[in-house]
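Examining the three-dimensional arrangement
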Amino acid sequence: VTISRDPYELGSDDERAVALILGNIHSGECAGKEAILTIIRELSRNADHRWLDNLVLIFIPNYNADANDRIGKGNRPGQIGPAEGMGRRENAQDLDLTRDYVKLDSPEARALVRLIDRANPHLFIDCHTTHGSQHQYSLTYDIPHNPATAEPILNFLRQKMMPVVTQRLLQQGTLTFYYGNFNRDKTVWRTFGHEPRYSTEYVGLRGRLGILSEAYSYISYEERISATRDFVSACLDYLHQNANTIVQLLDAVDDDLTRIAARQPSRVPVSLNARAEKFDEQCVLKGYKEDQPHDYQCDFVGKYVPTRSVPLPYGYLIPQQFVRPVDRLLMHGIRVEQLSADAEIPVTVNTINQINRQERAFQKHRMVQVQSRTSQDKRLIRKGTYVVTTDQPLARLAAYLLECESDDGLVFWNFFDRNIGVDQEYPV
């Protein structure tokens, strides 16, 4: 559902800020679906709604439609409501759609990423429900963690937008905090991963604002719907009130990346692996002790720091026979060209030192991680070779997908399995 006051054409160069709100990626976590429908009803009854002054709003209430229809009372044990049951987590292919933003195995993810690429939303909100640690928050939220995300985006979300949203919800009587779980003795609060297989991490690498919403399983279904509606509304209020600032910020992120990549791409570091560390200051987390509300002083392990980084290159060269990886790049909206003539080009080459392949499949893939050594050479590159230059807004995403040591790239998801071996050159 697209809602705007004046007509909006998908993919057009529109002056308004665009928000994309996603619900029901996990259909057992269905409060987001209902919350989105309440917002749609509110907007449809009020053509003068303040958001429509300067926003275009795109809603996907029921993303995982197949799983939504497979309702059962045993699908999500321990969650309070809905009483007649809820949908499943996985889609009809038995895939978790919130692990599919890189590999794009599902038709749902391919359609959604195509929409993201065409609409290029300034703000993306992904609505979930969590049933982790016992705490007092009606809803927790999060923002991108991946250190390859442009720093201005991370700083804006953590230092400006989310503190304001949190305070406004507190004034309404809704407690919120960053998503996480306690350790056993409640001295540490730890967040989730940084990989772009997750929606907010993926959107962050695309140079946009990504926000995760996690309503709380152990409050009533009605309360979860209300908390999600209030959180999404608070985020849209902030976007409405700061639309020009946000559009200018994200335009500057794109412009700076393409300008630097065209001249001195090595100035842009790309993190390929990261580990979670604690923030400098402890946080007070509102939990329970013997069923009574209790505040815990905790280390917040939510800051990801790079463990392996590479400088952004001018571009990537992909031999013509590698159609499947190139097809994925195009699905993501990454610009791919081809050499029109043979050319002798200085290149950096990765030679594989070590390959580690998981024994057990995850999401129907046996994930691969490699270590490599680099060398410089001058090579005759043949006509028809695919070229991905980094002077484009999706350069960070392209690098994360194509670097062989990336912890969530195309090598990791088996796109090059037949073409890599120890002491062999990586073909890109």
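Quick note: structure is the one above.
Residues numbered from 1 in each chain as written. Predicted model: local features only at pLDDT ≥ 70, side-chain atom pairs only at ≥ 80, totals over all residues. Heavy atoms only, no water.

A few points about the side chain of K103
Structurally, the position occupied by K103 is in the loop between α2 (65-68) and α3 (107-119). Residue K103 is classed as buried on the basis of its relative accessible area, which comes to 0%. (Helix = DSSP H or I, 4+ residues; strand = E, 2+ residues; numbered from the N terminus. Buried < 20%, exposed > 50% of the residue type's maximum accessible area, 1.4 Å probe, protein only.)

Some thoughts on the side chain of S406
One can find S406 in the segment after α9 (395-402). Since its relative accessible area comes to 2%, S406 is described here as buried. Within the local environment of S406, its side chain forms a polar contact with the backbone nitrogen of G409, the two atoms lying 3.2 Å apart. In this view, S406 contacts L272, Y400 and F412; residues no more than four positions away in its chain are not counted. (Polar contact = N/O pair within 3.5 Å; in protein donor to acceptor, adjacent residues only side chain to side chain. Contact = heavy atoms within 4.5 Å.)

A few points about the pattern of salt bridges
The final tally for this structure, using the stated rule, is 31 salt bridges. Salt-bridge contacts for K33 lead to E34; the nearest nitrogen and oxygen are separated by 3.9 Å. As a salt-bridge pair, D295 and K286 come within 3.3 Å of each other at their nearest N and O atoms. By relative accessible area, D295 is classed as partly exposed at 40%. A relative accessible area of 24% places K286 in the partly exposed class. (Salt bridge = Lys/Arg side-chain N within 4 Å of Asp/Glu carboxyl O.)

So, the sheet that holds strand β9 (residues 209-216)
Taken together, 7 strands build an open sheet; the order of strands is β1-β3-β2-β4-β9-β5-β6 and the sheet is mixed. Of all the strands in the sheet, the pair left with one neighbour each is β1 (2-3) and β6 (176-178). Summarising the sheet, strand β5 (residues 139-142) and β6 pair through 3 bridges and their orientation is parallel. Bridging across to β6, Y141 finds its partner in Y178. (Pairing = 2+ DSSP bridges.)

Regarding the sheet that holds strand β17 (residues 386-389)
With respect to topology, 3 strands assemble into an open sheet ordered β13-β17-β14, the strand pairing being antiparallel. Of all the strands in the sheet, the pair left with one neighbour each is β13 (315-318) and β14 (337-338). As defined by bridge partners, β14 adjoins β17 across 2 bridges and the pair is classed as antiparallel. Pairing of E337 across the sheet is with V387, part of β17.

Quick look at helix α6 (residues 221-241)
With 21 residues, α6 should cover 30 Å at 1.5 Å per step; its first-to-last C-alpha distance of 30 Å lies within 8% of that length. Among the 21 residues that make up α6, 16 are buried, leaving the element largely enclosed by the rest of the structure. (Expected span 1.5 Å × (residues − 1).)

A few points about the packing of helix α1 (residues 31-44) against α6
Running from N to C, α1 and α6 cross one another at 55°; their axes reach a closest spacing of 8 Å. The orientation of α1 with respect to α6, classified from their angle, is oblique. As α1 runs across α6, the sense of the crossing is right-handed. Each of A31, G32, E34, A35, T38 and I39 in α1 lies in contact with α6, whose residues at this interface are Y221, R224, I225, T228, R229, V232 and S233. (Axes fitted to C-alpha atoms, helices over the stretch in contact; angles between N-to-C directions. Parallel < 35°, antiparallel > 145°, perpendicular 65-115°, else oblique. Left-handed = near helix turned anticlockwise from the far one by under 90°.)

Remarks on the packing of helix α4 (residues 151-171) against α6
Contact pair α4 / α6: the axes reach a minimum separation of 10 Å and the direction vectors enclose 125°. When the axes of α4 and α6 are compared, the pair comes out oblique. Handedness of the α4/α6 crossing: right-handed. The segment α4 lies against α6, with F156, K160, M161, M162, V164, V165, R168 and L169 engaging D230, F231, A234, C235, D237, Y238 and Q241. Class assignment of the residues belonging to the contact of α4 with α6 gives a composition of 10 nonpolar, 1 polar and 4 charged. (Nonpolar A, V, L, I, M, F, W, Y, C, P; charged D, E, K, R; others polar.)

With respect to the nonpolar core
I318, L329, V388 and F416 are the most contacted members of the largest nonpolar core, which totals 63 residues. With residues up to four places along the chain from it excluded, the contact list for F416 reads F322, P325, L410, V411, Y426, P427 and V428. (Core = buried A, V, L, I, M, F, W, Y, C linked by side-chain atoms within 4.5 Å.)

Overview of the environment of T374
Looking at where T374 falls in the secondary structure, it is placed in strand β16 (residues 368-381). Linking T374 and T348, residues 26 residues apart in sequence, is a C-alpha distance of 6.6 Å. With near-sequence residues (within four places) excluded, T374 lies in contact with T348, V349 and N350.

Points about the environment of A65
Relative to the helices and strands, A65 is located in helix α2. Overall, A65 belongs to the partly exposed group, its relative accessible area being 32%. C-alpha of A65 to C-alpha of A215: the two residues are 150 residues apart in sequence and 20 Å apart in space.

Details of the pairing of β17
Bridge count for β13 against β17 is 4 bridges, and the pairing is antiparallel. Bridge pairing links I318 to Y386 in β17.

A look at unusual backbone geometry
The amide bond that connects G81 to the next residue, P82, takes the cis arrangement and shows omega of 0°. Relative to the elements of secondary structure, P82 occurs in the loop between α2 and α3. Phi at D94 is positive, roughly 65°, even though this residue is not glycine. Note on placement: D94 falls in the loop between α2 and α3. Positive phi, close to 45°, is recorded for N120, a residue that is not glycine.

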